[in-house]
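Each chain, letter by letter, is given below.
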Amino acid sequence: MMKTKTGKVALHGMLITLALILSYVESLLPLSFAVPGVKLGLPNIVIVFALYRLGAGSAFTVSATRVVLVSILFGNMMSFGFSAAGMILSLAVMILMKKSGKFSVAGVSVSGGVAHNAGQIAAAVLLLGTKEIFYYLPVLCVSGVTAGICIGLLSAYLIERVEI
Amino acid sequence: MKERKLRKNDILLIGILLVISGLLFFFAYIAKDPGGSVTISIDGLEIMELPLKDDIRIELSSEHGLEEGHRNLLHIKDGKAYIDEANCPDKVCIDRGEVCYEGETIVCLPHKLTVTVTEGEKQEIDGVSE
């Protein structure tokens, strides 16, 4: 499927759709009751998969398109800012961690999860101008690690098994 | 495939991140404990303690121990204390904005005035232990 350009476009389209659906599924799970921003990061399964199987460029295409589409469908300009900041930082960290070659998929996914939350908090501080949000950082760090391990192990399995 | 299993580095990374979170929790807890009252001191002398839960507007003047002519208007609103009017030359006390966490202080140096958030009696539980 990856041999032709059309195949490549189709594959990316499918991955974006999958990431989008996972974003929606995630929005149905009310995990953010105590601290806003706590989430599983289900779309990250697709991003990590793309990063390992298709490369950094594809991972960027998929996650950037997902962020834009999610903001159009469910969000607003403010949420776009948060998502974009989290996405860019998360992906940058994951690419670097993968390049270092010292970590498994779970390690890469964990750092991505934590970076995503850190990016969102940084955006919130910049956009809202309140420092109190840093109060959430430790909670989001722990939740990012936990979710990152789960997502990483799941992604590792898919990276190994799924044929494209 | 070697990517599947957690490696030593991964465990290390997770450990470090959890330790950092622990430290952040700790500091956030220390730094961000909401206070129960504010203590007003003039020239190092405690003159009164006001609970943060009651909204109040108080004009500090010579009758509280400030020098003749000095004036600071202290507000307590929604659990936060701030000075919004003062005739000191630098207005640093006004610029300080709202304080509500334990240890936060408003200082008006020219008037030798400090307003510090203290533990006070926060909730019923703390009240019982007195």
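Criteria and cut-off values
- Residues numbered from 1 in each chain as written.
- Chains lettered and ligands numbered in written order.
- Predicted model: local features only at pLDDT ≥ 70, side-chain atom pairs only at ≥ 80, totals over all residues.
- Heavy atoms only, no water.
- Patch = residues over 30% accessible without salt bridge, like charges linked within 9 Å, V, L, I, M, F, W, Y side chains within 5 Å.
- Areas by Shrake-Rupley, 256 points an atom, 1.4 Å probe, with all protein chains shown as cover.
- Salt bridge = Lys/Arg side-chain N within 4 Å of Asp/Glu carboxyl O.
- Lys, Arg positive; Asp, Glu negative; His and termini not counted.
- Charge placed at Lys NZ, Arg CZ, Asp CG, Glu CD.
- Helix = DSSP H or I, 4+ residues; strand = E, 2+ residues; numbered from the N terminus.
- Buried < 20%, exposed > 50% of the residue type's maximum accessible area, 1.4 Å probe, protein only.
- Contact = heavy atoms within 4.5 Å.
- Polar contact = N/O pair within 3.5 Å; in protein donor to acceptor, adjacent residues only side chain to side chain.
- Nonpolar A, V, L, I, M, F, W, Y, C, P; charged D, E, K, R; others polar.
- Phe/Tyr/Trp six-rings, centres within 6.5 Å; stacked < 30°, edge-to-face > 60°.
- Lys NZ or Arg CZ within 6 Å of the ring centre and 35° of its normal.
- Pairing = 2+ DSSP bridges.
- Axes fitted to C-alpha atoms, helices over the stretch in contact; angles between N-to-C directions.
- Parallel < 35°, antiparallel > 145°, perpendicular 65-115°, else oblique.

Visitor: Would you take a moment to explain a negative patch on the surface for this structure?
Guide: All names here are of chain B. Together, Asp 54, Asp 55, Asp 78 and Glu 98 give the surface a local cluster of negative charge. Mapping Asp 55 onto the fold places it in the loop between β2 (45–51) and β3 (56–60). In this structure Asp 55 comes out as partly exposed when scored by relative accessible area, which is 48%.

Visitor: Teacher, can you tell me more about the interface of chain B and chain A here?
Guide: For interface size, the figure often reported is the accessible area lost on association. Every contact between the two is made by 18 residues of chain B and, on the other side, 27 residues of chain A. At the junction of chain B and chain A, the tally comes to 0 salt bridges. Summed over the shared surface of chain B and chain A, the number is 5 residue pairs in polar contact (both at pLDDT 80 or more). Residue classes in the side of chain B that touches chain A are distributed as 10 nonpolar, 2 polar and 6 charged.

Visitor: How do you make sense of the packing of aromatic side chains when you look at a structure like this?
Guide: The geometry of an aromatic ring pair is captured by two quantities: the separation of the ring centres and the angle between the planes. Residue and element names in this part refer to chain A. By the definition in use, this model includes 1 aromatic pair over all chains. The interplanar angle of 25° and the centroid separation of 5.7 Å between the aromatic rings of Tyr 24 and Phe 74 together place this pair among those described as stacked. Here Tyr 24, found in helix α1 (residues 5–28), pairs with Phe 74, found in helix α3 (residues 56–74); they are 50 residues apart in sequence, far enough to count as distant. A cation sits over an aromatic face here: Lys 98 above Tyr 52, 5.2 Å from the ring centre.

Visitor: Before we go on, may I ask you to explain the sheet that holds β2(B) in this structure?
Guide: Pairing between the strands of a sheet comes from backbone hydrogen bonds, and it takes one of two forms, parallel or antiparallel. All names here are of chain B. Spatially, β2-β1-β7-β6 is the arrangement adopted by the 4 strands of the open sheet, whose pairing is antiparallel. Either end of the sheet is taken by a strand with one partner, and the two such strands are β2 and β6 (105–108). Across the sheet, the mean angle from the axis of one strand to that of its neighbour is 15°, orientation sign disregarded. Relative to β2, strand β1 (residues 37–42) runs antiparallel, the two being bridged by 6 bridges. Paired with Ile 40 across the strands is Met 48, a residue of β2.

Visitor: Which parts of the structure should I look at to understand the pattern of salt bridges?
Guide: Working definition: two side chains of opposite charge can pair if their charged atoms are close together. Residues and elements named next belong to chain B. Taken as a whole, this structure holds 2 salt bridges over all chains when the rule is applied. Among the ionic pairs, Arg 71 bridges to Glu 59, the shortest N-O distance being 3.1 Å. With Arg 71 in the loop between β3 and β4 (72–77) and Glu 59 in strand β3, this pair connects stretches of sequence that are 12 residues apart. Note on Glu 59: relative accessible area 39%, which makes it partly exposed. Look at Arg 71 and you get partly exposed, because its relative accessible area is 26%. A cluster of three or more residues bridged by salt bridges with shared partners is formed by Glu 59, Arg 71 and Glu 85.

Visitor: Looking at this structure, how should I read the packing of helix α2 (residues 43–53) of chain A against α3(A)?
Guide: Describing two packed helices takes the angle between their axes plus the distance from one axis to the other. Residues and elements named next belong to chain A. Put simply, α2 and α3 touch, their axes get as near as 7 Å, and they point 155° apart. Taken together, the axes of α2 and α3 are roughly antiparallel relative to one another. Contacts between α2 and α3 involve Pro 43, Val 46, Ile 47, Ala 50 and Leu 51 from the former and Ala 56, Ser 58, Ala 59, Val 62, Ser 63 and Arg 66 from the latter.

Visitor: Mind showing me how you'd approach the sheet that holds β4(B) here?
Guide: All names here are of chain B. Strand order across the open sheet formed by 3 strands is β3-β4-β5, with antiparallel pairing between neighbours. Taken across any chain shown, the strands that pair with only one partner, and hence form the sheet edges, are β3 and β5 (80–86). Strand-to-strand, the axes of this sheet are offset by a mean angle of 20°, without reference to chain direction. Where β4 and β5 come together, 6 bridges link them in antiparallel fashion. Considered in β5, the bridge of Ile 76 is made with Ala 81.

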